Amino acid sequence: MTDMAPLPISDRPSKETWGPAALNERRERTRQHLVNLGGKREYWIEHNRYYYKLLGQLLRFLVEPNRRVLSVRCSTGAFLSAMRPRIGKGIEICLEMIDVAQRHHPDFCYDVAFPDTDEFPACFAEGEKFDYIAFNDIDDTVDVQRALQNLKPLCERHTRLLITTYNHLWEPLVTLAEWLGMKVPRIEQNWLSGTDVRNLLALTGYEALETRRVVLCPKYIPLVSAFLNSFCARLPGLNLLCMTEVHVARLIPAPIDREKLSVSVIIPCKDERGNVADAVRRIPSLGGRTEIIFCDDKSTDGTADEVRRMQEMHPECDIRLELGPGISKSRNVWTGFNAASGDILVILDADLTTMPEELPYFLEAMASGVAEFVNGSRLIYPVPREAMKGANMLGNKFFSLAFSYLLNQRVKDTLCGTKVLWRSDWQRMQSLIGTWGIEDRWGDYELLFGASKLNLRIVDLPVHYQERVYGTTKMTRVFQNGLVMLKMCWHGFLKLKLGW
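Peer 1: If you had to explain the sheet that holds strand S9 (residues 289-296) to someone new, which residues and values would you point to?
Peer 2: By definition, the strands of a sheet pair up through backbone hydrogen bonds, in either a parallel or an antiparallel sense. Taken in spatial order, the 7 strands of this open sheet run S10-S9-S8-S11-S13-S12-S14, and their pairing is mixed. The sheet terminates laterally at strand S10 (318-323) and strand S14 (458-462), the two strands that pair on one side only. Averaged over all neighbouring strand pairs, the angle between strand axes comes to 20 degrees, with direction disregarded. Two elements, S9 and S10, share 6 bridges in a ladder whose sense is parallel. What sits directly across from Glu291, in S10, is Asp318. Across the sheet, helix H11 (residues 303-313) is in contact with strand S8 (262-269), S9 and S10; its angle to S10 comes to roughly 160 degrees. Packed onto the sheet, helix H16 (residues 444-453) meets strand S11 (344-347), strand S12 (373-377), strand S13 (419-422) and S14 and runs at close to 140 degrees relative to S12.

Printed below as a string of structure tokens:
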């Protein structure tokens with residue numbers, strides 16, 4: 001085997017373009033390319049207005065209005081405006097493009113920096129944070145890993161990172177569109193696959209939550225475009241062919257000392273007098289402070305009086321009584337949530353069919369940062385024959401499949417009463433309550449839909465389910481309730497899958 005001939009001296013890279021200097025040269029080429037396009041960028045956006053409208057609708061769906069939003073590689077500021085921020089900031093790599101953005105969207109502030117260099121952190125005040133960070137044009141970012149690291153100090157626990165990329169399957173068509181003058185010309189591209197993006201996120205301390213896909217047909221064709229983009233693009237399998245992907249991620253939070261957390265245990269009650277004392281006795285100490293809130297929903301068996309008796313017998317416990325509206329379990333739970341003062345909210349059904357002794361597992365999942373919403377699952381460990389009827393078991397399994405599709409996260413038992421979330425996230429969810437097209441009598445669906453809409457990390461936690469020893473189940477009229485749940489699923493599909 002012969003050795004390869006050395007490169008002629010004229011073809012070898014110089015010291016000035018070798019190593020890190022070569023990366024800086026690529027940044028400069030990208031910057032100059034954008035400078036040259038600065039005056040034409042608005043033309044290209046207008047020329048492809050339909051595509052940018054679809055992408056803007058998706059970003060608006062993913063971002064809560066009136067939040068602090070950072071747009072990295074903000075271009076003309078159109079996407080930043082689409083996300084309706086209360087405080088908006090845009091970063092671009094050249095002043096010429098910033099001038100365009102300021103002219104069209106003067107309500108926001110802007111700065112010039114490459115997101116993957118040391119100059120980027122200087123654009124922000126000490127301690128400045130954002131609720132959402134949208135990162136566009138990641139495909140021509142020279143050092144994506146460094147850029148993601150630069151964003152970490154700008155994140156809080158609830159911050160969501162939205163990374164927009166092209167589907168690499170579209171590369172030939174995009175290249176052809178450029179050659180035909182139908183699309184803004186690009187410079188050197190990374191063409192990151194979804195796997196590449198998730199890998200880079202993991203390497204830099206983020207967790208990928210979901211990938212939203214948009215645009216099967218980037219040009220407007222009457223009737224055809226609406227059918228392809230508003231329906232077909234949302235279906236499993238077909239959505240893998242979409243042109244653009246938005247990856248949603250969160251910075252993996254550092255664990256929190258449980259003793260620094262306060263916990264509110266919400267116990268919705270209706271005719272559960274015989275379970276009140278056991279609940280007080282069996283609920284363990286959770287975090288640095290535990291308050292137990294019994295929400296009595298107009299019981300007729302003396303449940304409220306029993307709670308008052310427990311308050312007198314156990315002054316060392318923080319036991320509270322709230323009076324529910326007597327309308328539905330969900331309204332009763334919301335009463336408890338709104339009265340709670342703890343950092344973490346826990347729902348524990350008063351029938352005690354899920355063991356209060358297992359609540360520390362839920363707290364650990366939240367404090368460790370593994371989960372932001374913990375959903376109890378009764379369908380993992382063996383279920384006693386009398387604890388759950390066969391029809392209920394089949395219904396739960398069916399709805400677990402439906403909800404896993406709707407939420408883009410695995411949820412095995414939608415109707416388990418034990419659910420745990422941050423009180424601050426409940427406050428964000430409140431504006432969504434009652435907006436799903438049908439009233440949720442139990443509250444489980446409202447919470448799961450709300451958690452999905454906020455892109456919270458939902459985790460199933462196995463619980464041991466037991467037969468109740470006092471009172472009777474409130475989950476009667478299985479067929480009628482099943483129809484209500486089907487309607488909830490349909491409205492969830494309309495909102496979560498077709499709602500943008």
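The discussion continues.
Peer 1: Mind laying out the pattern of salt bridges, listing which residues take part and the relevant values?
Peer 2: Applying the stated criterion across every chain yields a total of 35 salt bridges. Residue Glu357 is joined to Arg282 by a salt bridge in which the shortest nitrogen-to-oxygen separation is 2.8 Å. A residue pair is termed long-range when its members are at least 10 positions apart, and Glu357 in the loop between S11 and helix H13 (359-367) and Arg282 in helix H10 (residues 273-282) qualify at 75 residues. Using a relative accessible area of 19% as the deciding quantity, one classes Arg282 as buried. Several salt bridges converge on common partners, so that one network encompasses Glu64, Arg67, Arg157, Arg160, Glu207, Arg250, Glu372, Asp425, Arg428 and Arg457.

Peer 1: Give me the sheet that holds strand S1 (residues 68-72): which residues, what numbers.
Peer 2: Spatial ordering of the open sheet is given by S3-S2-S1-S4-S5-S7-S6, a layout of 7 strands whose pairing is mixed. Both edges of this open sheet fall to strand S3 (109-112) and strand S6 (206-214), since each of them pairs with a single strand only. Each strand of the sheet is rotated relative to its neighbour by a mean of 20 degrees, with strand direction disregarded. Relative to strand S5 (residues 155-166), strand S4 (residues 130-135) runs parallel, the two sharing 5 bridges. Paired with Phe130 across the bridge in S5 is Cys155.

Peer 1: Before we move on, can you summarise the packing of aromatic side chains with the specific residues and values?
Peer 2: What characterises a pair of aromatic rings is the spacing of the ring centres plus the angle enclosed by the ring planes. The full count for this structure, using the stated rule, is 16 aromatic pairs. Taken together, the ring pairs connect Phe403, Trp436, Tyr445 and Phe449 into an aromatic cluster. Of note, Arg378 hangs over the ring of Tyr465, and the distance from its end group to the ring centre comes to 5.0 Å. One Lys or Arg, Lys453, reaches over the ring of Phe61 and ends 4.4 Å from the middle of that ring.

Peer 1: Explain the pairing of S8 to me, using residue names and the numbers behind them.
Peer 2: Within a regular strand, side chains alternate between the sheet's two faces. Summarising burial for S8: 8 of the 8 residues are buried, a large majority. Every second residue of S8 is oriented toward a common face, with Ser262, Ser264, Ile266 and Pro268 on one face and Val263, Val265, Ile267 and Cys269 on the other, all of them buried. Pairing of S8 with S9, which is carried by 8 bridges, proceeds in the parallel orientation. Paired with Cys269 across the two strands is Asp296, which belongs to S9. Following the backbone out of S8, through H10 and into the adjacent parallel S9, one traces a crossover that is right-handed. The pairing of S8 with S11 spans 4 bridges and is parallel. Note that in S11 the partner of Ile266 across the bridge is Ile347.

Peer 1: Could you give an account of the packing of H10 against H11, naming the residues involved and the relevant values?
Peer 2: Relative placement of two packed helices is described by the angle separating their axes and the distance separating the axes. Where H10 meets H11, the closest approach of the two axes is 8 Å, and the angle between their N-to-C directions is 25 degrees. Considered as vectors, H10 and H11 are oriented roughly parallel to each other. Two packed elements cross with a definite hand, and for H10 against H11 that hand is right-handed. Across the interface between the two elements, Arg273, Val276, Ala277 and Val280 from H10 touch Thr303, Glu306, Val307 and Met310 from H11. Here the contact of H10 with H11 is built from residues that sort into 5 nonpolar, 1 polar and 2 charged.

The rules we used
Residues numbered from 1 in each chain as written. Predicted model: local features only at pLDDT ≥ 70, side-chain atom pairs only at ≥ 80, totals over all residues. Heavy atoms only, no water. Pairing = 2+ DSSP bridges. Helix = DSSP H or I, 4+ residues; strand = E, 2+ residues; numbered from the N terminus. Axes fitted to C-alpha atoms, helices over the stretch in contact; angles between N-to-C directions. Contact = heavy atoms within 4.5 Å. Salt bridge = Lys/Arg side-chain N within 4 Å of Asp/Glu carboxyl O. Buried < 20%, exposed > 50% of the residue type's maximum accessible area, 1.4 Å probe, protein only. Phe/Tyr/Trp six-rings, centres within 6.5 Å; stacked < 30°, edge-to-face > 60°. Lys NZ or Arg CZ within 6 Å of the ring centre and 35° of its normal. Right-handed = clockwise from strand over helix to strand, strands pointing away. Parallel < 35°, antiparallel > 145°, perpendicular 65-115°, else oblique. Left-handed = near helix turned anticlockwise from the far one by under 90°. Nonpolar A, V, L, I, M, F, W, Y, C, P; charged D, E, K, R; others polar.

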